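# Chains, contacts and geometry: an overview
Residue-level listing of the chains:
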Amino acid sequence: MGDKILVLDAGTTSTRAMVFSREGRMESVAQAELTQHYPKPGWVEHDAAEIWDKTLSCMREAVGEGAAEIAAIGITNQRETVVAWDRGTGEPLARAIVWQDRRTAGFCAELKDAGHEAEVQKRTGLLLDPYFSGTKMRWMLDNDDAVAAAAQEGTLAFGTVESWLVFKLSGGTHLTDASNASRTLLLALDGAQFDEGLCELFGVPLAALPEVVDTHGQLANCSSEWLGRDIPVCGLVGDQQSATIGQGCLSFGETKATYGTGAFVLTNKGGDIPRSDNRLLGTVLHQSGGERIYAVEGACFVAGSLVQYLRDQLGLIESAGETEDLARSIEDSGEVVIVPALAGLGAPHWKPDARGVISGLSFASGKAQIARAALEAMAHQTHDLASAFAADGAPWASLKIDGGMSANDWMAQDLANILDLEVERPDFVETTALGAAICASVGAGLYPTLEEAATAMRGPARSFTPAMSEDVRKDRLARYARALSVA
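As a starting point, this report considers the structure included with it. Since the structure is predicted, the reported quantities are computational estimates derived from the model, not experimental observations.

Evaluated as defined, the whole model comprises 30 salt bridges. The partner of R279 in a salt bridge is E117, with the nearest N and O atoms 3.6 Å apart. With R279 in the loop between β14 (263–270) and β15 (281–288) and E117 in helix α3 (residues 117–124), this residue pair connects regions lying 162 residues apart in the sequence. By relative accessible area, which is 15% here, E117 ends up buried. Here D475 ties to R479 by a salt bridge, and the two come within 3.3 Å at their closest N and O atoms. With a gap of 4 residues between them, D475 and R479 both fall in helix α17 (residues 470–484), about one helical turn apart. Salt bridges sharing partners connect three or more residues here, namely R79, E80, R183, D239 and E297.

Structural data, given as structure tokens:
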């Protein structure tokens, strides 16, 4: 058996396959963009067959002739996105509903009005918001004839994206890991498997759901049909939990923020089930032998996707990399402020019907001001989260950042300035994939613990220290608060 790890990183805008050495060095990568479907305002869908086809193509390209060197597969994925498929045919029954999708806002409001949110939050750590998987499953059952028929016939399989990929890789194994299961609204944080009472509340058949397993161990088997030999799947972990592990935030209180399509902050809370009074989320960070480590999470739905919007929808830039040069080309944003609520507002506001705002425009406002304001919005959103974490008794001493957007030096420094905290960024910012590699390496027995694997596989990091006057910081935050009030 080899000692390399194949990571499948099934993201929102693309899917990737990466091969990591035992020391955490990325040796090869293949990537393919995913088609984004927007059938109605607030709706976001993916083609599950496309996710599988492109994942398979990428893994074959990344591995090449080196399948014999692969010890195990780790999978990390966009969370909350729901795939529905037929257990018999193995084919999707409908388009996947993506985590950003807001179509179930009305159902969530009905459940809130009926007084269910307090109990749901107590049991699951989550709030009643369209973000999470359970209401998406209910919508599919109510609105898609093929899904409803499969449920009647007992052939329906529901799962998040890692479940879908494991099913395809293994030829029929239906499972999910605890980190992803904890994002569905259907798992009690102290429950080993999906909860019958929660399934009844959301109207989701328990029989359609996967088995809940550990985040690392001998979890499933990738058939020799795909890479020429059987390879164990030894790591399954939701993308934000994976990035937390990849950042080595394995001790109580350590905090990371990932800036990808959205922005997600997690603080390790150890073995105690987290409770929030400030509308943050409790989630499973990782699980081994049925024992769970938890995290508190704050999620902002729009981060890198705002830059993508400036590029693809508005045509203001040709590439994401231009934003750093544009931000540096001016002294300030000229009072332009962006509230990036293009998919509603997440933590700590939880306003699914909020819409994006660009305020402070004048004839002096050009693309440089708008690009800079887009980057500044990342620090403003993160500051909102920092305030909520502190109010919950979990203040940040420092912040580790990662994700594709964190490679922007200007944005990293702006975070340090607005948060008034040291910000640390690893030289290898793709810690989501690294976290899956760490999990799979432990699951395959290459390392005895996550801590030892993270120590061996994480590389060097760079620090950014605050360099902004208090007056400028307060002025920025006040302008953002005014813009936020009309979102």
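Picking up where we left off.
Proteins that are soluble and globular tend to have nonpolar side chains buried together. In this structure, Y131, F158, Y259 and W396 are the most contacted members of the largest nonpolar core, which totals 94 residues. With 40 residues, the next largest nonpolar core counts L34, I73, V166 and L227 among its residues.

This brings us to helix α14 (residues 409–419). By the criterion of burial, α14 is predominantly enclosed, with 9 of the 11 residues buried. Regarding α14, the residues found buried are W410, M411, A412, D414, L415, A416, N417, I418 and L419. Measuring from the side-chain oxygen of the N-cap residue of α14 to the backbone nitrogen of W410 gives 3.0 Å; that N-cap residue is N408. Just downstream of α14 lies D420, where phi reads positive at about 55°.

Attention shifts here to the sheet that holds strand β21 (residues 461–464). Within a beta sheet, neighbouring strands are joined by backbone hydrogen bonds and run either parallel or antiparallel to one another. Spatially, 7 strands are ordered β15-β16-β14-β13-β19-β20-β21 in an open sheet, and the strand pairing comes out mixed. Unpaired on one side and paired on the other, β15 and β21 mark the two borders of the sheet. Direction aside, the axes of adjacent strands within the sheet are offset by 30° on average. The strands touched by helix α13 (residues 367–391) within the sheet are β13 (255–259), β14, β16 (291–300) and β19 (399–402), with β16 carrying the most contacts at an inclination of about 130°.

Counting through the fold element by element, A437 comes out in helix α15 (residues 431–443). Not counting the four nearest positions on each side in its chain, A437 is found in contact with I5, V7, F20 and M457.

The next point concerns the environment of A17. Assignment of secondary structure puts A17 in strand β2 (residues 14–20). Residue class for A17 comes out buried when judged on its relative accessible area of 0%. For the pair A17 and F252, spaced 235 residues apart in sequence, the C-alpha separation works out to 31 Å. Setting aside anything within four residues of it in sequence, one finds A17 in contact with L6, V7, L8, S28, V29, A30, C58, M59 and A62.

This paragraph deals with the pairing of strand β6 (residues 83–86). With burial as the criterion, each face of β6 is covered, one bearing V83 and W85 and the other bearing A84 and D86. Examined bridge by bridge, β6 and strand β8 (residues 156–159) share 4 bridges and lie antiparallel to one another. The residue of β8 that forms the bridge with V83 is G159.

The next subject is the sheet that holds β2. Here we have 6 strands laid out as an open sheet, ordered β3-β2-β1-β5-β12-β11, and mixed in their pairing. Since the sheet does not close on itself, it has two edges, and those belong to β3 (26–33) and β11 (216–222), each with one partner. For this sheet, the mean inter-axis angle between neighbouring strands, taken without regard to orientation, is 25°. Inspection of the sheet shows strand β5 (residues 70–77) paired to strand β12 (residues 231–238) by 5 bridges, in the parallel sense. Residue N77 lies in a different strand from β12, and its bridge partner there is G238. Sitting on the sheet, helix α6 (residues 161–170) is in contact with β1 (4–10), β5, β11 and β12, with an inclination near 145° to β5.

Conventions we followed
- Residues numbered from 1 in each chain as written.
- Predicted model: local features only at pLDDT ≥ 70, side-chain atom pairs only at ≥ 80, totals over all residues.
- Heavy atoms only, no water.
- Salt bridge = Lys/Arg side-chain N within 4 Å of Asp/Glu carboxyl O.
- Helix = DSSP H or I, 4+ residues; strand = E, 2+ residues; numbered from the N terminus.
- Buried < 20%, exposed > 50% of the residue type's maximum accessible area, 1.4 Å probe, protein only.
- Core = buried A, V, L, I, M, F, W, Y, C linked by side-chain atoms within 4.5 Å.
- Polar contact = N/O pair within 3.5 Å; in protein donor to acceptor, adjacent residues only side chain to side chain.
- Pairing = 2+ DSSP bridges.
- Axes fitted to C-alpha atoms, helices over the stretch in contact; angles between N-to-C directions.
- Contact = heavy atoms within 4.5 Å.

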